[in-house]
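A look at the structure
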Amino acid sequence: MVAPAISFNDLLKTKRTNMNVDEHLLTTSEPPSQITYVDNTSGTDTFMQDLVGHMKKVKESATEVTNSGGLFKVKPASVWIEEAKIRPIPRMLFDHFWYEGELNILFADTNVGKSIVAVQIGNSVSSGSPIQGFDLEAPAQKVLYFDFELTDKQFEARYSSEFCNHYSFNPNFYRAEIDPYADFPNGHDGFERYLNDSLDIAIKETGAKVLIIDNITYLKNETEKAKDALPLMKHLKALKSKYGLSILALAHTPKRDPSKPLTRNDLQGSKMLINFCDSAFAIGESTHEQIRYFKQIKARNTEIKYGADNVCLCQINKPDNFLQFEFISYSSERKHLKEMTEKEIDNINERVLELKKAGRSLREIGSELGISHMKVSRILKETPKTQ
C-alpha cells in the first residue's frame, strides 16, 4: 500500500518520540554543506526517508552558493527557506508572550511582581506543566535562573509555608546567585567581562536550554545609552545562538504616568534594548486593588494577541507554599488606568513650570514627573506665561 503524501512541515510537526534522528540535525546552525547525512533508513520508514532526502536536497542547494568570505552569509532566498524547513517550528514557552529561541524582555515597575512570574514561568517550563490560563507547547527542559535580586532565605520564604512545608521544584530548574566569596581571577578585563564568562560556564555545566536573567541591569552598569546597551544585547544574542537558548531578561520601568497605556517607551534604558530583542511584554498595575495585567509589547513569531484591547488580568496569591500569579480574565487596558483629576493635572502643570524655571531640560522634567518629554513640551506651550 502506498503511503499518503505529506508535506515536510507536517513531518516536523509530528511527535518525535518514535523518531530515530539526532535532534542536533534539526536545530544546528551549521551550513548544510558542512553536515554529514547517513541514510540508514529502511524502505518502510517513510518519515526518515523523506527527512534524509530533504536534508540532502538542502546540502546540494547550498553547495551552489559562493561564500562571500566577509561578515555576511549570502545565499539565494530559496536556499534560506529550504534550510529553515529543517529547523523545528518554535513552540510556546509562555503562551503568545514568549516562544522557543527568543530573546524576550519582561519589564515592569518595582514591586509589581516581575520576579514572581519569572520563577513561575521557569517552574512551568522545567516541569512541562502549563500555568493555569496560559498555553505551554514545549516539553520539559532545563531552566537556569540567574537571581540577582533575592537572597537564598528570601527565596525560601516565597516558596514555603512560613519556612516549613517547602515547595519541591523539578530537578530541571536551576537557580544561580553571585558567590560573595568568589575570587576575581587575573586576566579578566573588569567585573562585567568576568560575569559574562561565568554565565557561559554555568550554561555549559547545567546544559540549560532556557535562561532567565533577573535582572538585566546587573549585567551592565549603564543601559541608558546606546553605546552601553548595544554590546549587552549583542552578547545575549551571541549566547542564544551559540547554545540554542531561549532567554527571558527582566528589566525595570522608569517613573511613569499611571493614566497612560504601557508602551515600548516605558522600558528603562536605551531603545536598543527593545529594538534588538525578539519579543517583549510588560506587567501593569491596575487601579483595582491587587490586580495586575500582562500586555504584549513586541512580537515576531506571532501576532499581538494580548494588546491594549485584550490584556490578561491576574492577581498575586500564595495558596500554599508557592507565591504565584493567578489568571482571572481578559479585559481592556484602559479600564485599569488611573483617571487624572483636574487638581492632579493642575499640580503637574505647575510643577512643570517650576522645574523649567529652575533650568531643567524637557527630558529631566519628564523623568521626574513620570510623563514624556513631548507632554512637557505641550504643557509649556499651552500654559499662559505669567509675570
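A brief look at the structure comes next. (Residues numbered from 1 in each chain as written. Predicted model: local features only at pLDDT ≥ 70, side-chain atom pairs only at ≥ 80, totals over all residues. Heavy atoms only, no water.)

1. Let's talk about the environment of Arg351
Applicable threshold: Helix and strand assignments come from DSSP, with helices taken as H or I runs of at least 4 residues and strands as E runs of at least 2, each series counted from the N terminus. When accessible area is computed with a 1.4 Å probe and restricted to protein chains, residues below 20% of their type maximum are described as buried, those above 50% as exposed, and intermediate ones as partly exposed.
The topology assignment puts Arg351 in helix H10 (residues 342–357). The exposure class assigned to Arg351 is partly exposed, which follows from its relative accessible area of 32%. Residues Arg351 and Leu369 lie 18 residues apart in sequence; the distance between their C-alpha atoms is 8.3 Å.

2. Observations regarding the layout of surface pockets
We count it as follows: With a 1 Å grid laid over protein atoms only, a set of points is called a cavity when a 1.4 Å probe fits there but cannot get out and a pocket when it is open yet has protein on both sides within 12 Å along at least five of seven lines; lining residues have an atom within 4 Å of a point. Grid points are joined across faces, edges and corners, and a volume is the space filled by probe spheres set on the points. As a working rule, the residues Ala, Val, Leu, Ile, Met, Phe, Trp, Tyr, Cys and Pro are called nonpolar, Asp, Glu, Lys and Arg charged, and the rest polar, with Gly in that last group.
Within this model, the second largest pocket holds a volume of roughly 890 Å³. Taken together, 27 residues make up the lining of the second largest pocket; nearest its centre are Pro254, Asn265, Ile371, Ser372 and His373. Listing elements by their share of the lining of the second largest pocket, those giving two or more residues are helix H9 (271–276), helix H11 (362–369) and helix H12 (373–382). Grouping the constituent residues of the lining of the second largest pocket by class yields 6 nonpolar, 10 polar and 11 charged.

3. Some remarks on empty space enclosed by the protein
All told, the structure shown has 2 cavities of 30 Å³ or more when counted by the stated rule. Size it by volume and the second largest cavity reaches roughly 30 Å³. Here the residues of the lining of the second largest cavity are counted per class, giving 6 nonpolar, 1 polar and 2 charged.

4. Overview of the packing of aromatic side chains
Formally: Pairing of aromatic side chains here covers Phe, Tyr and the six-membered ring of Trp, requires ring centres within 6.5 Å, and sorts the geometry by plane angle: under 30 degrees stacked, over 60 edge-to-face, intermediate tilted. In our convention, an over-ring charge means Lys NZ or Arg CZ found within 6 Å of a ring centre and within 35 degrees of that ring's normal.
In this structure the tally under the stated criterion is 25 aromatic pairs. Judged by centre distance (6.2 Å) and plane angle (80 degrees), the ring pair of Phe281 and Phe294 falls under edge-to-face. Residue Phe281 is located in strand S8 (residues 279–285), and its partner Phe294 is located in strand S9 (residues 291–298); the two are separated by 13 residues in the primary sequence. Comparing Phe281 with Phe294, the two get one shared label, buried. A connected cluster of aromatic rings, assembled from ring pairs, spans Phe94, Phe97, Phe134, Phe281, Phe294, Tyr306, Phe325, Phe327 and Tyr330. Taking the ring centre of Phe155 as reference, the NZ or CZ of Arg175 above it sits at 4.8 Å.

5. Some thoughts on helix H5 (residues 114–127)
This is how the line gets drawn: Expected helix span is given by 1.5 Å per residue-to-residue step, counting one fewer step than there are residues.
Taking 1.5 Å of rise per residue, the 14 residues of H5 would be expected to cover 20 Å, and the 20 Å separating its terminal C-alpha atoms lies within 8% of that figure. Along H5, 13 of the 14 residues are buried, which leaves the element largely enclosed by surrounding structure. Within two residues after H5, Gly128 carries a phi angle of roughly 75 degrees, on the positive side.

6. Observations regarding the pattern of salt bridges
To keep it simple, the criterion reads: Criterion for a salt bridge: a side-chain nitrogen of Lys or Arg within 4 Å of a carboxyl oxygen of Asp or Glu.
One pass over the full model with this rule turns up 17 salt bridges. With a shortest N-O distance of 2.9 Å, Glu83 and Lys75 are connected by a salt bridge. Across this residue pair, the class does not change: Glu83 and Lys75 are buried.

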